[in-house]
Amino acid sequence: MSTDTNIAVETKRESLFSKKNRKLLKDPLDDSNPITVQVLGICSALAITVQLQQAVIMSLSVLFVMIGGNVIISLLRNMVPDRIRIIVQLVVVASLVIIVDQVLKAFQPDISEKLSVFVGLIITNCIIMGRLEAFALGNKPGPSLLDAIGNAMGYAWILLVVSIVREIFGSGAISLPGMGQVKFLPSSWFISEGGFYENNNLMILPPMALITVGLIIWIQRSRNAALIEEN
Amino acid sequence: MAINKNGTGYTFGFAIVMVVVVGTALAATSISLKPLQQANAADKKMMDILGAIKVDSQRDNAKELFAEYVASRVAIDASGAQVSVKQGEVSTTDATDPFNIDIKKDYRSHKPAKGDLSWTNADDLTFPVFECQKEGQTYYVVPMVGSGLWGPIWGYVALEGDMQTIYGAKFDHKTETPGLGAEIKESFFTEKFEGKTLAEMGPTYFSVLKGGALTDLHSVDGITGGTITSKGVDEMLNRTMGIYLKYFNNATQRAQR
């Protein structure tokens, strides 16, 4: 396996970062992004991107479930009976999601309330089941871990960008976990205070999330020719 | 010896082992996180009760403010008689504390028949009421549970010292439709209740009317597009108030004597 030292990696795990493996990490960020290219997991991307804070927690939850699911399924790949493999995947994903839900309820009750059903819906997030079925079942835990991180990150960055755009234009603020919502526009700017500015309420509604995702797809395709289908 | 991975025996064995392992792991998680979750739920309940008497609170000061404003926690039975009273610090483990009466669970196990406004099968339940003191005034906070379109809805209604005028209300829901039924938790809806009064005679003490209707002292306008949720609020209010008003009437009579 070729070694590459330009990435910050511990030497003992270098082989994990061969060219092929780096592709596993990098591809889902752009060329095969789960949201903008495969158009999976759109539902949660539209629903919980009103605030950056929620998007961060959601991304972390998906990252956890994705890594856990991919690694566990990959470890079990030679033991899982073919006939019940989908059920096994579901059980693994569902238990991880329940753990995430319980932990959020215990440590981040307010955010857990805002995310409401969408944490539970991670179970049905096609990105996760798709990766388990398409990758983890046929690969070793190492590459599966990278694949999981890559895909979760591909999901996460879209969520973060969309939520930042929506929160800035929709609420004139930005929120990070633990910091609450920081309104950075002076309140005297707002029309209600005699100023000239008004938040765009449309940004808070789900359709604008779809449009924002659409804009990201547009930008992505205009600079990545590989994504454009022939004819 | 090679094992036939696709044999029925292996498949069953795998499934059984998997279920046991997963079940144990989830049970362990749930048990170990339960105390924290219960504390969070108790804080939330305190915040909701304080919200009904228009006291703003955060998770970190809910306990203090609750101790400051809520003078006593009373449990009553379905006939309106007082069962127990607690004052002082709330203990989330003390089953006799009216604060810990799980009205959601009680509602689930004693669901009233359709149209049964007097909740005739609630005889063996107890109901909590929170007597609050704010700026020299007494308020009674009544918690309630009902059904919306998709799942449970619940709320806290604060009555003024006359036990008839609504001082504040707070509603919440589990899974109502965002933008429609879910709007019951928004302030534009709950503010409509403020200053309205409960009718003296039942079974309809208060109405949540269908969109755009003229409202009087005993009714508010419901939510457009959230008719079933609005009806749920209406039903919840009338059914619950039917029981609490018995207690309040008893209390008024006691006071007059």
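Residues numbered from 1 in each chain as written. Chains lettered and ligands numbered in written order. Predicted model: local features only at pLDDT ≥ 70, side-chain atom pairs only at ≥ 80, totals over all residues.

It is worth spelling out the overall build of chain A at this point. Along its length, chain A carries nine helices and two strands. In sequence order, chain A lays out its α and β elements as α-α-α-α-α-α-α-α-β-β-α. Summarising its shape, the C-alpha atoms of chain A cover approximately 65 × 45 × 40 Å along the three principal directions. Counting only residues that meet the buried cut, chain A has 35% of its 231 residues in that class. Sequence separation of 24 or more characterises 73% of the internal contacts of chain A that already satisfy a separation of 6 or more. (Helix = DSSP H or I, 4+ residues; strand = E, 2+ residues; numbered from the N terminus. Buried ≥ 20, exposed ≤ 12 C-beta atoms within 10 Å, placed from the backbone. Contact = placed C-beta atoms within 7 Å.)

For the rest of this paragraph, the subject is the overall build of chain B. Within chain B, the regular secondary structure consists of five helices and eight strands. In chain B, the succession of helices and strands from N to C terminus is α-α-β-β-α-β-β-β-β-α-β-β-α. Based on the C-alpha atoms only, the size of chain B along its principal axes is roughly 90 × 45 × 35 Å. With 257 residues in all, chain B has 31% of them scored as buried. Sequence-distant contacts, at least 24 apart, represent 54% of the contacts inside chain B between residues at least 6 apart.

To continue, consider the interface of chain B and chain A. Where interface size is quoted, it is often the accessible area lost as the parts come together. Between chain B and chain A, the contact holds 18 residues from the first and 16 residues from the second. Taken together, the residues that form the side of chain B that touches chain A break down as nine nonpolar, seven polar and two charged. (Nonpolar A, V, L, I, M, F, W, Y, C, P; charged D, E, K, R; others polar.)

The pLDDT averaged across chain A works out to 84; a share of 92% of its residues lies at or above 70. Segment residues 1-12 of chain A: pLDDT under 50, and nine contacts once partners within four positions in sequence are set aside and those in other chains are kept. (pLDDT = per-residue confidence, 0-100.)

It is worth spelling out the environment of Ile31 of chain B at this point. Residue and element names in this part refer to chain B. Looking at the element boundaries, Ile31 is found in helix H1 (residues 8-52). Residue Ile31 is classed as exposed on the basis of its 9 C-beta neighbours within 10 Å. Note: C-alpha distance between Ile31 and Asp106 (75 residues apart in sequence) is 23 Å.

To continue, consider the packing of H1 of chain B against helix H2 (residues 62-69) of chain B. All names here are of chain B. It is the contact of H1 with H2, at a shortest axis distance of 9 Å, that shows an interaxial angle of 45 degrees. If you check the angle between H1 and H2, you find them oblique. As H1 packs across H2, the resulting crossing turns out to be left-handed. Between H1 and H2, the contacting residues are Asp43, Met46, Met47, Ile49 and Leu50 on the first element and Ala62, Lys63, Leu65, Phe66 and Tyr69 on the second. When grouped by side-chain class, the residues that make up the contact of H1 with H2 number eight nonpolar, no polar and two charged. (Axes fitted to C-alpha atoms, helices over the stretch in contact; angles between N-to-C directions. Parallel < 35°, antiparallel > 145°, perpendicular 65-115°, else oblique. Left-handed = near helix turned anticlockwise from the far one by under 90°.)

Next up on the list: the sheet that holds strand E5 (residues 152-159) of chain B. Residues and elements named next belong to chain B. Taken in spatial order, the six strands line up as E2-E1-E3-E4-E5-E6 in an open sheet, and their pairing is antiparallel. Two strands bound the open sheet, and with one partner strand each, they are strand E2 (82-86) and strand E6 (166-173). The average angle at which neighbouring strand axes cross in this sheet is 20 degrees, direction not considered. Direction of pairing for strand E1 (residues 70-77) relative to E2: antiparallel, over a ladder of four bridges. Bridge pairing in E2 links Ile76 to Gln82. (Pairing = 2+ DSSP bridges.)

Moving on to the nonpolar core. Of all hydrophobic cores here, the largest spans 52 residues; its most connected members are Ile49, Ile53, Val129, Val141, Val157, Ala158 and Tyr244 of chain B. Elements with a contribution of two residues or more to this core: H1, H2, E1, strand E3 (126-134), strand E4 (137-147), E5, E6 and helix H5 (227-256) of chain B. Take this core: its biggest share by element is nine residues, from H5 of chain B. If near-sequence neighbours (up to four positions away) are discounted, Ile49 of chain B is found in contact with Phe66, Val70, Phe130, Val141 and Tyr156 of chain B. The next biggest cluster of nonpolar side chains, apart from the first, holds 46 residues, and it includes Ile48, Ile99, Val119 and Ile122 of chain A. (Core = buried A, V, L, I, M, F, W, Y, C linked by C-beta atoms within 7 Å.)

Residue and element names in this part refer to chain B. When pLDDT is averaged along chain B, the result is 87; 97% of the residues meet or exceed 70. Across chain B, the secondary-structure element scoring lowest on mean pLDDT is H5, at 86, and the one scoring highest is E5, at 93. The complex prediction reports pTM at 0.77, with the ipTM value standing at 0.72.

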